[in-house]
Amino acid sequence: MHVPHINVEKTVHRLVLALAFILAFAALMLVAYWAYTANHPFDRRMFFMAAAIGIFAQLVDGALGMAYGVTATTLLLSNGLPPAICTGAVHIAEIFTTGASGLSHLRMGNIKKSLFYKLLIPGSLGAIAGVYIFTQIDGKELRPWMSGYLAIMGLYIFYKAFRIIKINSDLAHKGVIPLAFTGAFVDAVGGGGWGPVVTTGLLSSGHEPRTTIGSVNSAEFFITLVTGFSFALMVGVWHWEVVAGLILGGMITAPIAARV
């Protein structure tokens, strides 16, 4: 009996294209809905500012596996937006940008399944806990603490960037679950931190860089799906132009960043 040969690479390529189309269509429909139901005129300046931030933040995140939230939230805060709106907008936009990034990494074979699955559930639980804590704190009290956290996280990223990574297979499977929970929790509370905590933690414990970055970015889609919907339900969507700009900038740049 003749068994037909299946071209795995071509099948994955077609699957990625189909999922990318669905993701782009969902983003378009959501933005159209926000525009239709908005009670204020379209803010062009806010939209293009957010798109530029989204492009820059996604280039950093897709290539390094970290810092989309830290970069985007910091830049939005510096433009005078309240912490809750900044964090909510970034996490809702990240549903689509991390989806595009994850598909790009899948297409290029950058995902390690065993690591991906270990990150998924504890990361989702950490995200829910973080959103709950965040929504219980007053925005005015939170702003200086959030700014300080983002500054410390930025310094932490620079510190990790200049350390020499040594791959150690004996340590590679230890501590993944608590690391994923912690990374998702601080990401939801502080507006960023999944990549800086999880990616750098895994690289320091001996994981191979390419598959670590791909797996962390891909798992982040599901983490931000939980976080984004939680923020949308608890905080709502304010300044939809900011979310739309972040989505557009991030989705356009994701394939380029994954290749980098």
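Position numbers for residues count from 1 along each chain, tracking the sequence in the order it is written. Restriction of local features to residues with pLDDT of at least 70 applies here, the model being predicted, together with a cutoff of 80 or more for giving and counting side-chain atom pairs; totals for whole chains, interfaces and linings are based on all residues. Only hydrogens and water are removed before side-chain values are computed, so all heavy atoms of the structure are retained for them.

Brief notes about a nonpolar patch on the surface
Inference 1: Residues forming no salt bridge and having over 30% relative accessible area are the ones grouped into patches, like charges within 9 Å of each other and nonpolar side chains (Val, Leu, Ile, Met, Phe, Trp, Tyr) within 5 Å. The Shrake-Rupley method, run with a 1.4 Å probe, gives the accessible areas here. Residue values count only the displayed protein chains as cover. Salt bridge criterion: a side-chain nitrogen from Lys or Arg within 4 Å of a carboxyl oxygen from Asp or Glu. Residues L19, F21, I22, F25, L28 and M29 make up a contiguous nonpolar surface patch of roughly 630 Å² in combined accessible area.
Inference 2: Tracing the backbone through its elements, the reader meets F21 in helix 1 (residues 8-37). The helix and strand labels rest on DSSP assignments: H or I over at least four residues marks a helix, E over at least two residues marks a strand, and numbering proceeds from the N terminus.

Quick notes on helix 5 (residues 113-135)
Inference 1: Expected span of a helix, by definition, is 1.5 Å for each gap between consecutive residues, and there is one gap fewer than residues. Helix length check: helix 5 (23 residues) gives 33 Å between terminal C-alpha atoms against 33 Å at 1.5 Å per residue, within 8%.
Inference 2: Here the bend at a residue means the angle between the axes of two seven-residue stretches, the one that ends at it and the one that starts at it. Most pronounced at L120, the bend in helix 5 amounts to some 30°, and the proline P122 follows within four residues.
Inference 3: The rule is simple: take the accessible area with a 1.4 Å probe, protein chains only, and divide by the maximum for that residue type; under 20% is buried, over 50% is exposed, in between is partly exposed. Three or more residues of helix 5 are buried, namely L115, F116, L119, P122, G123, S124, G126, A127, G130, V131 and F134.

Describing helix 4 (residues 83-107)
Inference 1: Taking 1.5 Å as the rise per residue, helix 4 with 25 residues should run 36 Å; its terminal C-alpha atoms sit 35 Å apart, in good agreement.
Inference 2: Where burial is concerned, most of helix 4 is hidden: 22 out of the 25 residues are buried.
Inference 3: Trailing helix 4 by a residue or two, G109 shows a phi angle of about 70°, which is positive.

Points about the packing of aromatic side chains
Inference 1: Here the aromatic set is Phe, Tyr and Trp, taking the six-membered ring for Trp, and pairing holds for ring centres within 6.5 Å; pairs whose planes are under 30 degrees apart are stacked, those over 60 apart are edge-to-face, and all others are tilted. Taken as a whole and judged by the stated rule, the model has seven aromatic pairs.
Inference 2: Note on F181 and F185: the rings are 6.5 Å apart at their centroids and 10° apart in plane angle, and the pair reads as stacked. Separated by four residues within a single helix, F181 and F185 lie in helix 7 (residues 176-190), roughly one turn from each other.
Inference 3: Residue F181 is classed as partly exposed on the basis of its relative accessible area of 36%.
Inference 4: Taking relative accessible area as the criterion, F185 reaches 28% and is therefore assigned partly exposed.
Inference 5: Considering the side-chain rings of F221 and F222, the 4.9 Å spacing of their centres and the 75° angle between planes classify their relative orientation as edge-to-face.
Inference 6: Under the relative-accessibility criterion, F222 is labelled partly exposed at 34%.
Inference 7: Members of the aromatic cluster, connected to one another through ring pairs, are F42, F47, F48 and W240.

Concerning the nonpolar core
Inference 1: The biggest cluster of nonpolar side chains holds 33 residues, and the ones touching the most others in it are L76, V242, L246 and I247.
Inference 2: Elements with a minimum of two residues in this core: helix 1, helix 2 (44-64), helix 3 (68-78), helix 4 and helix 10 (240-259).
Inference 3: A total of nine residues in this core trace back to one element, the largest contributor, which is helix 4.
Inference 4: With 18 residues, the next largest nonpolar core counts L119, A180, A184 and W194 among its residues. To qualify as a nonpolar core, a set must consist of buried Ala, Val, Leu, Ile, Met, Phe, Trp, Tyr and Cys residues joined through side-chain atoms within 4.5 Å.

So, the packing of helix 4 against helix 9 (residues 209-234)
Inference 1: With axes taken as lines fitted to C-alpha atoms, and helix axes fitted only over the stretch in contact, angles between N-to-C directions fall between 0 and 180 degrees. At a closest axis distance of 7 Å, the pairing of helix 4 and helix 9 adopts a crossing angle of 150°. The pairing of helix 4 with helix 9 is recorded here as roughly antiparallel in orientation. In this structure, helix 4 crosses over helix 9, and the sense of that crossing is left-handed.
Inference 2: Partitioning the contact of helix 4 with helix 9 into residue classes produces eight nonpolar, 14 polar and two charged. Roughly parallel covers angles under 35 degrees, roughly antiparallel covers those over 145, roughly perpendicular covers 65 to 115, and oblique covers all other angles. What makes a crossing left-handed is the near helix being turned counterclockwise from the far one by less than a right angle; a clockwise turn instead makes it right-handed. For this classification, the nonpolar set comprises Ala, Val, Leu, Ile, Met, Phe, Trp, Tyr, Cys and Pro, the charged set comprises Asp, Glu, Lys and Arg, and every other residue, Gly included, is treated as polar.

Observations concerning the packing of helix 5 against helix 8 (residues 194-204)
Inference 1: Where helix 5 contacts helix 8, the axes come no closer than 14 Å and their chain directions differ by 140°. Relative to helix 8, the element helix 5 is oriented oblique. For helix 5 against helix 8, the interelement crossing comes out right-handed. On helix 8, the residues touching L115, L119 and G123 of helix 5 are W194, V198 and L202. Only heavy atoms enter the contact rule, under which two residues are in contact if any of them lie within 4.5 Å.

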